[in-house]
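Structural overview
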Amino acid sequence: MSVIVKEAGRAISRADERAPISSLLKANLRKVFPDHWSFMLGEIALYSFIILLLTGVYLTIWFKPSMTEVVYNGSYAPLVGIKMSEAYASALDLSFDVRGGLLLRQIHHWAALFFMAAMVVHMFRIFFTGAFRKPRELNWVIGGSMFLIVLLEGFAGYSLPDDLLSGVGVRIVAGIIEAVPIVGTYLMFFIFGGQFPGNDFIPRLYTFHVLLVPGILLALIGLHLILIFYHKHTQYPGPGRSNTNVVGFPLFPVYVAKAGGFFFVVFGVTALMGGLVSINPIWAYGPYVPDQVTAGSQPDWYIGFLDGMLRAMPNWEWEDFLGRTWSWNIFIPGAVMPGILVGLLLAYPFIEAWVTGDKREHHLLERPRNNPTRTGIGVAAIVFYGILVINGANDLIAITFNLSINQLIWFTRIAIFIAPPLAFLATRRFCLGLQRRDREKLLHGRESGQILRLPHGEFIEIHTPISDDEKAVILSKEDYPVVAAPPATDENGVRTPGLRAKRWRARLSRAYFGDNIQKPTPAEIEAAAHHSHEEHDHEVEELHAGGKEVPAVLGPDSH
Amino acid sequence: MSEKTSTELATAEHHGEEPLFPLPPHRHRLTDTDPRAARRAERQVATMFVLSALLVVAFVAVYVGVDVRSTLNLGPFGVVNASNLLLGLTMGGAILLIGIGAIHWAKKLMSDEEIVDERHPLGSPKEDQDAALEAFQTGVAESGFVERKIVRRSLIGALLLFPVPLIVFLKDMGPTDVNVLRETLWKKGDRILVDITLQPLRPEDLNVGTLVSASPEGLNEVQELEHTQNARAKASIILVRMKPEEIRSQQGDNWDYQGILAFSKICTHVGCPIALYQQRTHHLLCPCHQSTFDLSDSGNVVFGPAARQMPQLPITVDEEGYLVAADGFQQPVGPSFWERG
Ligand code: HEM
Ligand code: FES
């Protein structure tokens, strides 16, 4: 042991003579990281990315990104003698003739799915706990951009093998690009090197998939992590935790072991999935041929919402007086809506900060119930997304449940406008209910489930005081004041500058915080505590004075 | 909890600068107090690491010993590739065990006492901010960026233009002749070849109610010549036959041949090929987004996101009695585009 420490010490001092590594280690080896299961979601995303880099590099050894036509002559008998692109043939070789090739492909694909899933859930965590608030707005924007980029990256990877399933997806994307007003046709020609499908797309997509996007992602992930390190991690409220400290375990050794170990867990599970569960069996789909299609074809889940939007959109198309075609039916769901959604996503921290006018740093996470409007918006967004994903599989649903596609699409067209607002209102109410309960708990303690019968026959429930831990959590709530709109003109009759924006802000502020249940003031807590003591003492006195029997305590299990 | 404390703490109506309640005291684990439990945990961790190493050996053995093509019958799970399964199990198991071992080690044997770090306001100290601003101002002054207007403006101009070559390069990413989207291989007299068999077709070969996918003669030759599937992506068609009295309308007079109608196979929405035909309603249903076209009514859209009718190809028979195109398509096939008109 001591030998290890001595040797490590010597190595550090040798390194220190070349670069100031000791200062770095001193500052960071014992850096504190708070612990919570939801903090592992980002880790899963990070580790999946590393797994993707690693397995992806191996795939490049055998994969041939070429659309040159070849005749297949490998070990998968059903396709022998069939013409296909070199890309598809090499993906078949990877699956059937390279030892471990199928495993690498399947690990790569499972890691891509885990990556997206972890990113989405990670984003939920950040959103619902307000972790995007100052000073972490930039990291929210970086994260949101990565989400978008990974979506494109996943689609690119999925399209590389040039099988029939993914080829139809590419055909759809080409159609969406063509629908962009003014430049659409040129864009499509530029991307495909001419008409669809051409011969250039797969090689171009390959560079995009293995070089351009991973490079950008690597830079963004690096920045994301540096900022996390610099800001220090947020923490959940609790005893001993405040906005100016960070409570948890040291980086070395606990986090090195836990987070490092967790990398191996994620990698191990992904590898087991690759061995045990088949994913994207490209050989079953056949090579891409533009006049063929597989029925019931589905994209990977994270693309499903786009497909759902395309399906739900009414078939509006204009031809203007110059004979130009405006394909609203494709352009709106294929480009406008995704653009708006991503824009709102990236802008959210700034919108909320504008409404609250809050310029302080926030390192203590907010409980979702304490910001009912934000939580409502989040749930509404999930419902919106969910409806689209479901609509993206409406053909499968129609077949499974024997429904008509027309009904399903009409259902989606209506639900997409009604369900998210309903979800918003319901969530908001639910949160306010939880706030009310928190307030009750602070003032009167928790309902114990024990019923007390008073001498005069009245039943009351005994309330037990809540623990310090719980108080610390509940008291972490911050009550934001509702911002009032300024008067239209000041005392000199001069119009208030930016009146319109300020009125909007007041309106939004009321929507956010107007209904919030105020946390009890210290005086209220004191009064409540006093009151209950008095009442209790009073009763006991009465009992003794009357010489009556002590009332029976009816517990939940005493009958 | 005494009432006094809670009152006090609730007064801390600030921004959480002080913790509301003290950190709860550290609770010892069994492994902290019982050396036997600690030794047991140590053994468990070491066992996982040893197993992991053994699985790596097993992985190599599988790699060498199991043929890539060999299969295993797993009963209800079907027949699986043995090499993939065993490689995945050994590799995944080996990696997973390192992870579980390390986490077990951290949880059972490393200190689990929470420690506290203070946060400091993130901004630089005021004097650093001032110094930075001053350094910047000195730099600006020394460069003369403000006073020397011509230099400044010409520099901005040059920098704005500097990316132009990088954009111009992109011009040759693809051709820009939009008209290719209006053309297909079909022209008057082209025989209609059934897909797969590539045989020409006589009217009698088609029964009422059937749908056949087809393409123009010469398509394969063009494909060989161009080395692309571009021609196929536009030229492929479907043929359906219905009773002539069932045809309510079509895109041109007598474009059918004795109730046989030819339509483009490429969906006018975003271009999926379509071959789902409902004989009773004469509806053609796209599998991608469920646009539905009524082939007995000029191929018009009856449902779904597609906005345009399926282009119809006029057909007839040649002297030998084979079905041929009576003309090319009279409108562009496939998805709409800006210049389509
Ligand atoms: C960063 C996120 C990445 C995502 C989300 C992703 C996703 C995917 C997906 C879904 C596939 C289809 C796999 C299949 O055939 O089932 C794929 C294929 C492929 N990926 Fe990635 N990938 C990523 C990074 C990389 C990197 C960094 C490389 C290489 C340096 C790479 C190289 C490849 C290659 C060569 C293929 C085609 C091989 C084949 O499909 O057989 N990928 N990718
Ligand atoms: S491609 Fe046919 S409906 Fe979308």
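Up top is the structure these notes are about.
What comes next concerns the included structure. Every chain is numbered independently, its residues counted from 1 as its sequence is written. Both sets of labels track the order of writing: A upward for chains, 1 upward for ligands. This being a predicted model, a pLDDT of at least 70 is required before a residue's local features are given, and a value of 80 or more before pairs of side-chain atoms are given or counted; all residues contribute to the totals for chains, interfaces and linings. Working from all heavy atoms in the structure, the side-chain values ignore hydrogens and water.

Let us look at the sheet that holds strand S5 (residues 211-216) of chain B. Residues and elements named next belong to chain B. Here a strand pair is declared whenever DSSP counts at least two bridges between the two strands. Only DSSP runs of H or I covering at least 4 residues are called helices, and only runs of E covering at least 2 are called strands; the numbering of each starts at the N terminus. Pairing within the open sheet is antiparallel, and its five strands lie in the order S4-S5-S6-S7-S12. Lying at the two open borders of the sheet, with one neighbouring strand each, are strand S4 (192-194) and strand S12 (312-313). The pairing of strand S6 (residues 237-241) with strand S7 (residues 260-264) spans five bridges and is antiparallel. Counterpart to Leu 239 in the pairing with S7 is Ala 262.

Moving on, we come to the layout of surface pockets. Rolled over the atoms, a probe as big as a water molecule pinpoints where empty space is left. Residue and element names in this part refer to chain A. Taken as a whole, the second largest pocket encloses approximately 1200 Å³ of empty space. Definitions used throughout: a 1 Å grid over protein atoms alone; a cavity as a set of points that fits a 1.4 Å probe which cannot get out; a pocket as an open set with protein on both sides within 12 Å along at least five of seven lines; a lining residue as one with an atom within 4 Å of a point. Phe 39, Gly 42, Glu 43, Ile 228 and His 233 are the residues nearest the centre of the second largest pocket, which is lined by 43 residues in total. A per-element tally of the lining of the second largest pocket places helix H9 (residues 201-231) first, with seven residues. Side-chain classes are defined by residue name, with Ala, Val, Leu, Ile, Met, Phe, Trp, Tyr, Cys and Pro counting as nonpolar, Asp, Glu, Lys and Arg as charged, and the others, Gly among them, as polar. For the lining of the second largest pocket, the class distribution of residues is 27 nonpolar, ten polar and six charged. Grid points are joined across faces, edges and corners, and a volume is the space filled by probe spheres set on the points.

The next thing to look at is the coordination of the iron atom of ligand 1. Residue and element names in this part refer to chain A. Excluding water, the donors of a metal are its N, O and S neighbours within 2.8 Å, or within 3.2 Å for Na, K and Ca, and that exclusion means sites may look incomplete. Around the iron atom of ligand 1, the protein supplies His 108 (NE2) and His 209 (NE2) as donor atoms, at distances of 2.0 Å. One can describe the site at the iron atom of ligand 1 as octahedral: its six donor atoms subtend angles covering 87 to 180° at the metal. In this pair, His 108 is assigned in helix H5 (residues 101-128) and His 209 in helix H9, connecting sequence segments 101 residues apart. Of the two residues examined, His 108 and His 209, each falls in the buried class. Think of it this way: with four donors and all angles in the 85 to 135 degree range, the site is tetrahedral; with four or six donors, opposite ones beyond 155 degrees and the rest between 65 and 115, it is square planar or octahedral; otherwise it is irregular. Accessibility here uses a 1.4 Å probe with only protein chains present; expressed as a share of the type maximum, an area under 20% marks a residue as buried, one over 50% as exposed, and anything in between as partly exposed.

This part takes up the pattern of salt bridges. Salt bridge, as used here, is a side-chain nitrogen of Lys or Arg placed within 4 Å of a carboxyl oxygen of Asp or Glu. A full pass over the atoms with the stated rule returns 33 salt bridges over all chains. Residues Glu 224 of chain B and Lys 83 of chain A are paired through a salt bridge, measuring 3.4 Å at the closest nitrogen-oxygen approach. With one member in each of two chains, Glu 224 of chain B in helix H8 (residues 219-226) and Lys 83 of chain A in strand S3 (residues 83-85) form a pair that bridges those chains. Judged by its relative accessible area of 45%, Glu 224 of chain B falls in the partly exposed class. Taking relative accessible area as the criterion, Lys 83 of chain A reaches 47% and is therefore assigned partly exposed.

Right, let's talk about the state of the cysteines for a bit. Residue and element names in this part refer to chain B. Here, the term disulfide refers to a pair of cysteine sulfur atoms separated by no more than 2.5 Å. Following the criterion strictly, the structure yields one disulfide over all chains and no others. The disulfide bridge from Cys 272 ends at Cys 288, spanning 2.0 Å between sulfur atoms. Measuring the twist about the S-S bond at about -85°, one finds the Cys 272-Cys 288 disulfide to be left-handed. Linking Cys 272 in the loop between S7 and strand S8 (276-278) with Cys 288 in the loop between strand S9 (283-285) and strand S10 (292-294), this pair joins segments that are 16 residues apart in sequence.

By themselves these figures say nothing about function.
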